[in-house]
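Summary of structural features
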Amino acid sequence: KAIELGCGCGVISVVLAKLGYRVYATDADPASCRLTEANALHNGVAERISTHQLLWGNEQADALDELMQTIGGCPPIIVLSECVYEPQTTEYLAETLRALLVTRTSTTIIHAWSDRDMDEESFLTNSLSDIIGGAAAETVARYAPHPQSAMPGDIDQGVSLLRADRSVAMVG
């Protein structure tokens, strides 16, 4: 099982479903949920994807609790891709991730990001380890939009992987 936070058009959810995962695609925008459903149907994986409207933040705790009851708790994989557009969004996302992770002892978070002057990479590798009380975080891939012209420091997109295991003491 996997949960996607901020599914947008559903491309990540469709790929995960094609790989055999049961995906719970969430987005604050009901239109995005409908688009994800249409793309799942078009790609032959509608039976593996369910969509759920979900706003982030502590004020939405009841909705998140209801979703977790519906799907049987937080899945072991959490995916986020290009979903932070405003600085205050990271706070709401952190609150939601904290609530998701409270019942899990081991979780993998995959986060694809673009630098929008909000330092999403640091949010993942630094802030999330604080949220879960110890984690091994690493950026597993970085890329530049035009690699042939990229200079060191020009890399402004990437994929980060966070392996969270609260049963093991981690040293940073």
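Calculation criteria
Residues numbered from 1 in each chain as written. Predicted model: local features only at pLDDT ≥ 70, side-chain atom pairs only at ≥ 80, totals over all residues. Heavy atoms only, no water. Buried < 20%, exposed > 50% of the residue type's maximum accessible area, 1.4 Å probe, protein only. Helix = DSSP H or I, 4+ residues; strand = E, 2+ residues; numbered from the N terminus. Pairing = 2+ DSSP bridges. pLDDT = per-residue confidence, 0-100. Contact = heavy atoms within 4.5 Å. Right-handed = clockwise from strand over helix to strand, strands pointing away. Patch = residues over 30% accessible without salt bridge, like charges linked within 9 Å, V, L, I, M, F, W, Y side chains within 5 Å. Areas by Shrake-Rupley, 256 points an atom, 1.4 Å probe, with all protein chains shown as cover. Salt bridge = Lys/Arg side-chain N within 4 Å of Asp/Glu carboxyl O. Expected span 1.5 Å × (residues − 1). Arc of directions from axis to C-beta. Polar contact = N/O pair within 3.5 Å; in protein donor to acceptor, adjacent residues only side chain to side chain. Core = buried A, V, L, I, M, F, W, Y, C linked by side-chain atoms within 4.5 Å.

Attention now moves to the pairing of strand β1 (residues 2–5). Of the two faces of β1, the one lined by Ala2 and Glu4 and the one lined by Ile3 and Leu5 are each fully buried. With four bridges joining them, β1 and strand β2 (residues 23–27) adopt parallel strand pairing. The residue bridging Ala2 from the neighbouring strand is Val23, located in β2.

The next thing to look at is the confidence of the model for the protein chain. Residues of the protein chain with pLDDT of at least 70 account for 64%, and the chain-wide mean is 76. Put simply, strand β6 (residues 136–143) is where the protein chain has its lowest mean pLDDT, 49, and strand β3 (residues 49–53) is where it has its highest, 97. Of the regions scoring below 50 in pLDDT, residues 140–147 engages in 18 contacts with residues more than four places distant in sequence or in other chains.

Another point: the pairing of β3. It is a general feature of regular strands that their side chains alternate between the two faces of the sheet. Of all five residues in β3, four are buried, a share of seventy percent or more. The handedness of the β2 to β3 crossover, carried by helix α2 (residues 30–42), is right-handed.

To continue, consider a nonpolar patch on the surface. Together, Val11, Val15 and Leu19 line one region of the surface with nonpolar side chains, adding up to about 290 Å² of accessible area. Here Leu19 is to be found in the loop between α1 (11–18) and β2. Here Leu19 falls in the exposed class, since its relative accessible area comes to 62%.

Between its terminal C-alpha atoms α2 stretches 18 Å, which fits the 18 Å expected from 13 residues at 1.5 Å a residue. Turning to α2, its buried residues number three or more, namely Ser32, Cys33, Thr36 and Ala40. Each buried residue of α2 sits inside an arc of 100° when the element is viewed along its axis, so together they form one side. Residues of α2 that are exposed and angled more than 90 degrees away from the buried face: Arg34, Leu41 and His42. Along its buried surface, α2 packs onto α1, β2 and β3. Looking at where α2 begins, the residue whose side-chain oxygen comes 3.0 Å from the main-chain nitrogen of Ala31 is Asp29. Gly44 sits one or two positions beyond α2 and adopts a positive phi of about 75°.

Turning our attention to the nonpolar core. Membership of the largest hydrophobic core comes to 19 residues, with the highest contact counts inside it found for Ile3, Leu5, Met68, Ile78, Leu80, Leu93 and Leu100. Where this core is concerned, the elements lending two or more residues are β1, α3 (61–71), β4 (77–81) and α4 (87–101). Judged by nonpolar contacts, the second largest core, of twelve residues, contains Leu16, Ala17, Val23 and Ile49.

Along the chain, Ile110 falls in strand β5 (residues 106–114). Residue Ile110 is classed as partly exposed on the basis of its relative accessible area of 32%. On a C-alpha basis, the gap between Ile110 and Ile78 in space is 6.3 Å, while along the polypeptide they are 32 residues apart.

By the element assignment, Glu82 lies in the loop between β4 and α4. Under the relative-accessibility criterion, Glu82 is labelled partly exposed at 23%. Considered as a pair, Glu82 and Gly6 are 76 residues apart in the sequence and their alpha carbons are 8.1 Å apart.

A few words on α1. When we look at burial in α1, the residues that qualify are Ser13, Val14, Leu16 and Ala17. All buried residues of α1 lie within an arc of 165° about the axis, which places them on one face of the element. Facing away from the buried side of α1, by more than 90 degrees, are the exposed residues Val11 and Lys18. Buried residues along α1 sit against β1, β2, α2, β3 and β4. Of the residues flanking the end of α1, it is Gly20, one or two places downstream, whose phi is positive at about 105°.

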